[in-house]
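Spelled out, the chains give:
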Amino acid sequence: MQKETRANLKLIISYFIVLNILTFVVYGLDKHSSRNRGRRVPENVLLLLAFAGGTPAAYVARKYFRHKTIKRPFITRLRLILIVQIFVLLLYILLSFRGQA
């Protein structure tokens, strides 16, 4: 593996680690605010964090904090984001191996 490729891979992995930690924290803060009647994080922000790559943390945070587990529209949107991300990942893998056969 070339140095540039390794550096890019490290950057991508770092991005996803930081984003997932941020997503988990933001979901936790929103749950805390909902319990204390504080200022809430807009659902669009929570979904944007998932869309940007924080989907694993969004699912873990929902389970851990028992947060956004009943709101059907939110759950549907989060599932749609997950499905799109899986589709894009599978498409990327398929196209990556296509030229190697």
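This write-up is about the structure you can find in this document.

Definitions and cut-offs
Residues numbered from 1 in each chain as written. Predicted model: local features only at pLDDT ≥ 70, side-chain atom pairs only at ≥ 80, totals over all residues. Heavy atoms only, no water. Helix = DSSP H or I, 4+ residues; strand = E, 2+ residues; numbered from the N terminus. Buried < 20%, exposed > 50% of the residue type's maximum accessible area, 1.4 Å probe, protein only. Lys, Arg positive; Asp, Glu negative; His and termini not counted. Salt bridge = Lys/Arg side-chain N within 4 Å of Asp/Glu carboxyl O. Polar contact = N/O pair within 3.5 Å; in protein donor to acceptor, adjacent residues only side chain to side chain. Contact = heavy atoms within 4.5 Å. Axes fitted to C-alpha atoms, helices over the stretch in contact; angles between N-to-C directions. Parallel < 35°, antiparallel > 145°, perpendicular 65-115°, else oblique. Left-handed = near helix turned anticlockwise from the far one by under 90°. Nonpolar A, V, L, I, M, F, W, Y, C, P; charged D, E, K, R; others polar. Core = buried A, V, L, I, M, F, W, Y, C linked by side-chain atoms within 4.5 Å.

Things to note about the side chain of Arg62
Stage number 1. Tracing the backbone shows Arg62 in helix H2 (residues 43-65).
Stage number 2. Look at Arg62: it is buried, it has no salt bridge, and the nearest opposite charge is Glu43 at 9.7 Å.
Stage number 3. Of the polar contacts made by the side chain of Arg62, one reaches the backbone oxygen of Lys68; its length is 3.1 Å.

Some words on the side chain of Asp30
Stage number 1. On the secondary structure map, Asp30 appears in helix H1 (residues 3-35).
Stage number 2. Reaching out from Asp30, the side chain makes a polar contact with the backbone nitrogen of Val41 at a distance of 2.9 Å.
Stage number 3. Look past the residues within four positions of Asp30 in its chain and what remains in contact with it is Arg40, Val41, Leu46, His67 and Lys68.

Examining the pattern of salt bridges
Stage number 1. Enumeration over the complete set of coordinates arrives at three salt bridges.
Stage number 2. Here Glu43 ties to Lys71 by a salt bridge, and the two come within 2.7 Å at their closest N and O atoms. Residue Glu43 is located in helix H2, and its partner Lys71 is located in the loop between H2 and helix H3 (72-98); the two are separated by 28 residues in the primary sequence.
Stage number 3. Connected through shared salt-bridge partners, Glu43, Lys68 and Lys71 make up one network.

Focus on the packing of H1 against H2
Stage number 1. In contact at an axis separation of 7 Å, H1 and H2 are set at 55 degrees when each is read in the N-to-C sense. Relative to H2, the element H1 is oriented oblique. The handedness of the crossing between H1 and H2 is right-handed.
Stage number 2. Taken together, the residues of the contact of H1 with H2 break down into 18 nonpolar, six polar and four charged.

Re the nonpolar core
Stage number 1. Tyr27, Leu46, Leu47, Ala50, Ala58, Phe74 and Leu78 are the most contacted members of the largest nonpolar core, which has 13 residues in total.
Stage number 2. Counting residues per element, the ones that place at least two in this core are H1, H2 and H3.
Stage number 3. Per-element tally for this core: the top contributor is H2, with seven residues.

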